[in-house]
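Below are the chains, spelled out letter by letter.
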Amino acid sequence: MEPLPDLASLSDDELKKEIDQLKEQEREISYQRRILHGKIDILRAELVARLQKTGGKGVLESVDVESLTAILAGKEIYCAKCGALLTTDEVGAETTQTYTPEEIADEDGPLEDIAAEGPALVVRSGGGRAGEHFMPQGERTTVGRSPDCDIFLDDVTVSRKHAVMLERNGEVSIEDLGSLNGTFVNRKRIDSATRLQSGDEVQIGKYRLSFISK
């Protein structure tokens, strides 16, 4: 990635041009990530289909066949390293790992430096993405680990279809979609659509975000 130019030497129009160029690069990277994860899902589904037919014999020695078989049978399995409960959102999908908000690290990114026009969710910590922001895309903005989601949060603590942001009459709310780890607003787990106000903290898996309204 190229370093930023000398900001003091740039005019207002040149700064805006730099921002637009970086936004375009961000969209392209996000698109490529979605394509790659889509291919991974296809390959994983093929692997699982072969395991169903062969019982795991002759399919990649490094694959934990016992765990995959348990997943296919709908049984609970646990991480061999940390003992966390693992579950799947759908057959062949990557497992979602249990997570609680108490495990959050306070590594806030700066809110005042976010140049978002209108409502946005800003990543405060989690996934090494502090400072990134996401703006609602129409009336329904899906959030999850699936590359098909409008807000793509690539981590095993996030369910594939985790939550949805709803924008109606100038107000934004968020609703959980039956995710494993739930969706939290201001450290409280929500069980229905909850209106967001500027400064509210939203927890989705390991990601801690702030909602801002400008």
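Procedures and definitions
- Residues numbered from 1 in each chain as written.
- Predicted model: local features only at pLDDT ≥ 70, side-chain atom pairs only at ≥ 80, totals over all residues.
- Heavy atoms only, no water.
- Buried < 20%, exposed > 50% of the residue type's maximum accessible area, 1.4 Å probe, protein only.
- Helix = DSSP H or I, 4+ residues; strand = E, 2+ residues; numbered from the N terminus.
- Pairing = 2+ DSSP bridges.
- Contact = heavy atoms within 4.5 Å.

Draft legend 1. Inspection of the pairing of strand E14 (residues 207-212) at higher detail. Counting buried residues along E14, 6 of its 6 residues qualify, which places the element largely inside the surrounding structure. Residues of E14 alternate between two faces, with Tyr-207, Leu-209 and Phe-211 on one and Arg-208, Ser-210 and Ile-212 on the opposite face, all of them buried. Here strand E13 (residues 201-204) pairs with E14 via 4 bridges, running antiparallel. Within the sheet, the bridge partner assigned to Gln-203 lies in E14 and is Arg-208.

Draft legend 2. Molecular detail of the environment of Asp-148. For Asp-148, the position within the fold is in the loop between strand E6 (140-144) and strand E7 (151-152). With 117 residues separating them in the primary sequence, Asp-148 and Tyr-31 have C-alpha atoms 10.0 Å apart. Filtering out sequence-adjacent residues up to four positions away, Asp-148 remains in contact with Arg-34, Thr-142 and Lys-161.

Draft legend 3. Here's a closer look at the sheet that holds E14. Sheet architecture is open: 6 strands sit in the order E5-E4-E14-E13-E10-E11, paired in antiparallel fashion. Every other strand in the sheet has two partners, leaving strand E5 (133-134) and strand E11 (188-189) as the edge strands with one partner each. Note that strand E4 (residues 120-125) and E5 share 2 bridges and pair antiparallel. Within E5, the position partnered with Leu-121 by the bridge is Phe-134.

Draft legend 4. Representation of unusual backbone geometry. Positive phi outside glycine occurs at Asn-169, with the angle close to 50°. By secondary structure assignment, the location of Asn-169 is in the loop between strand E8 (163-168) and strand E9 (171-176). With a phi angle near 55°, Asn-186 is a residue other than glycine that sits in the positive phi range. We classify Asn-186 as partly exposed; its relative accessible area is 39%.

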